[in-house]
Amino acid sequence: MPDDTPSEDRPEAAPGKATTGTAGKVPAPAPPADTTDDANGDAERTDGEAERASGGSDSGGAGDGEAARAPSGALDTEAAGEEPTYELDPATGGPRTRPAPAGEPAEQQALDPGAPDPAHDVEQRRREAGVNPLFPFGRPGQPLGRAHPFVFGFTAALGVITAWMLVKAATNAKSVLVMIVVAMFLAVGLNPAVERLRRFGLPRGAAVGTVFLIVILFFAGFVASLVQPVTEQVTELRHSIPDFVDQLQNNRTLADWDKRYGLLKRAEKAVNSPGFQNGLTDTATGIGKVAINGVFQTITILILTLYFMSSLPQIKTFFYQLAPRTRRARVALLGDEILDRIGGYVAGQFTIAFIAGLCSYIFLSILGVKYALALALIVAVTDLVPLIGATIGAVIVCLVAFLTGTTTDLIVCVVFYVVYQQVENYLVYPRVMKRTVDVQPAVTIVAALVGAALLGVVGALLAIPTAAAISLLIREVVLPRQETL
């Protein structure tokens, strides 16, 4: 509705206040104030109206002047000159009190310079500490941040001590850890045989028992095959000692050396000395300890293998659940593939060892070497160790063939095993490992050398499946990620 008030009767705007955005219109007059308002109140209201008009033109709505107005219509000077002590809570829509500044209690925003010392005044102590029912001893201070020198130094020292203790514990328990790793390796390697028996309808317990019984029978047969040759050789050596002594006494060369250098007297003196006898006793005791320790470790590994084979699915599930839920499926697939490769490696090693033992038994039987079955089993067992196992077995066979036969038998055995090792290393072994483990021959040789240098025979056994697992992770995880960078 247009304003019909004459221009001379319209009130003038306050000096210095713009009225832009009102289209030449004056804001509506405020409701009348109380009768107690004086001229100063009218002036403050007039200024507030003018300021509200100018603020509305800038923000398009009610400005700060309207928010600072009292219910009576008067301007609240304290609210207009200071910031509000609260803000709206987005959850409830109501006012939310501002927290006290950090390090100061809510009851006291600033310390009075003339206040008593809290070391002498108990009430001042409670007042400055901000004692309340929730904090009977005062509000706690700010915690030390991670960048604090004390926290950083203490955390670093604690980490170093923990790492040193873990290394020390692992060093002391090295033999136990090696047995656990070997048992787990055998359990994973024999698991494909268990799964194959389960496909024929056997429950897992029966399949595990069958595979474990076959392993026990293999070790029992190996030991039994060695008992007869060792017993016969010890008996023959005991009966041959007098003949060896007679031959030495009747030997002209030895007799001449004895006259010149007194070899027999020196030998007799060395044998009768306490040091020689103590050393012989210590050597015999050490051999006995090594034998007993070897038997104990073998039994322990077999028992652990049985337990690991029976609970392998639960062990896999436990380790898979340690992965984040969003990546658990991929981790499980990669883990299954790694375990399958370990099983394939064990199957490939047993295949190579079986071929080596069978070829050795046929060759030794044709050559007529004594104890052909025991020597063939030795070759098969030592051939399980990559690279050096076949050489160790060949040396043992050649030595026995020389001691129980002639020099011709020794030469024939040496030629046979040299040729066989070339065929195995360049034809049989790479083909089997490429099919079961999918590892390049160069990687196989390097991994076996590094593993043997680190952990000996156990390291050589574990090196190739470890290399297969690492190559799988590099191909499936590292290389695809590099393509996305």
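Data block above holds the structure.
Structure report, in brief.

Cut-offs and rules
- Residues numbered from 1 in each chain as written.
- Predicted model: local features only at pLDDT ≥ 70, side-chain atom pairs only at ≥ 80, totals over all residues.
- Heavy atoms only, no water.
- Helix = DSSP H or I, 4+ residues; strand = E, 2+ residues; numbered from the N terminus.
- Buried < 20%, exposed > 50% of the residue type's maximum accessible area, 1.4 Å probe, protein only.
- Contact = heavy atoms within 4.5 Å.
- Areas by Shrake-Rupley, 256 points an atom, 1.4 Å probe, with all protein chains shown as cover.
- Salt bridge = Lys/Arg side-chain N within 4 Å of Asp/Glu carboxyl O.
- Patch = residues over 30% accessible without salt bridge, like charges linked within 9 Å, V, L, I, M, F, W, Y side chains within 5 Å.
- Core = buried A, V, L, I, M, F, W, Y, C linked by side-chain atoms within 4.5 Å.
- Axes fitted to C-alpha atoms, helices over the stretch in contact; angles between N-to-C directions.
- Left-handed = near helix turned anticlockwise from the far one by under 90°.
- Nonpolar A, V, L, I, M, F, W, Y, C, P; charged D, E, K, R; others polar.

Our focus in this paragraph is the overall build of the protein. What the protein contains, in helices and strands, is 16 helices and 2 strands. Per-residue burial over the protein gives 24% buried out of 485 residues. The long-range share in the protein, meaning contacts at least 24 apart out of those at least 6 apart in sequence, stands at 56%. Here the protein has roughly 33800 Å² of accessible surface; of this, 65% comes from carbon and sulfur atoms.

The subject of this paragraph is the pattern of salt bridges. With the rule as written, the count across this model stands at 4 salt bridges. Here Lys316 ties to Asp336 by a salt bridge, and the two come within 3.9 Å at their closest N and O atoms. With Lys316 in helix 11 (residues 312–321) and Asp336 in helix 12 (residues 328–367), the pair connects residues that are 20 residues apart, well separated along the chain. On the basis of relative accessible area, Lys316 is assigned to the partly exposed category, the value being 25%. Its relative accessible area of 28% is what places Asp336 among the partly exposed residues.

As a further point, take a nonpolar patch on the surface. A contiguous nonpolar patch, built from Phe354, Ile355, Leu358, Tyr361, Ile362, Ile366 and Leu373 and spanning about 700 Å² of accessible area, is present on the exposed surface. Sort the elements by how many residues they give to the nonpolar patch and helix 12 lands first, with 6 residues.

By size, the foremost hydrophobic cluster in this structure holds 34 residues, and its most contacted members are Phe185, Val194, Met309, Tyr345, Tyr429, Met433 and Val437. Those elements that place two or more of their residues in this core are helix 6 (174–199), helix 7 (204–250), helix 10 (274–310), helix 12, helix 15 (407–436) and helix 16 (441–484). Of the residues forming this core, the biggest block, 8 residues, is contributed by helix 6. Excluding its chain neighbours within four sequence positions, the residues that come into contact with Tyr345 are Phe185, Pro386, Tyr429, Met433, Thr436, Val437, Ala460, Leu461, Ile464 and Pro465.

Now for the packing of helix 6 against helix 16. When two helices pack together, their arrangement is given by the angle between the helix axes and by the axis-to-axis distance. Their axes nearest at 11 Å, the elements helix 6 and helix 16 cross at an angle of 35°. Handedness of the helix 6/helix 16 crossing: left-handed. Facing helix 6, whose interface residues are Lys174, Val178, Val181, Val182 and Phe185, helix 16 presents Leu455, Val458, Leu461, Leu462 and Pro465. The residue makeup of the contact of helix 6 with helix 16, split by class, is 9 nonpolar, no polar and 1 charged.

Remember, this is a structural readout, not a statement about activity or role.
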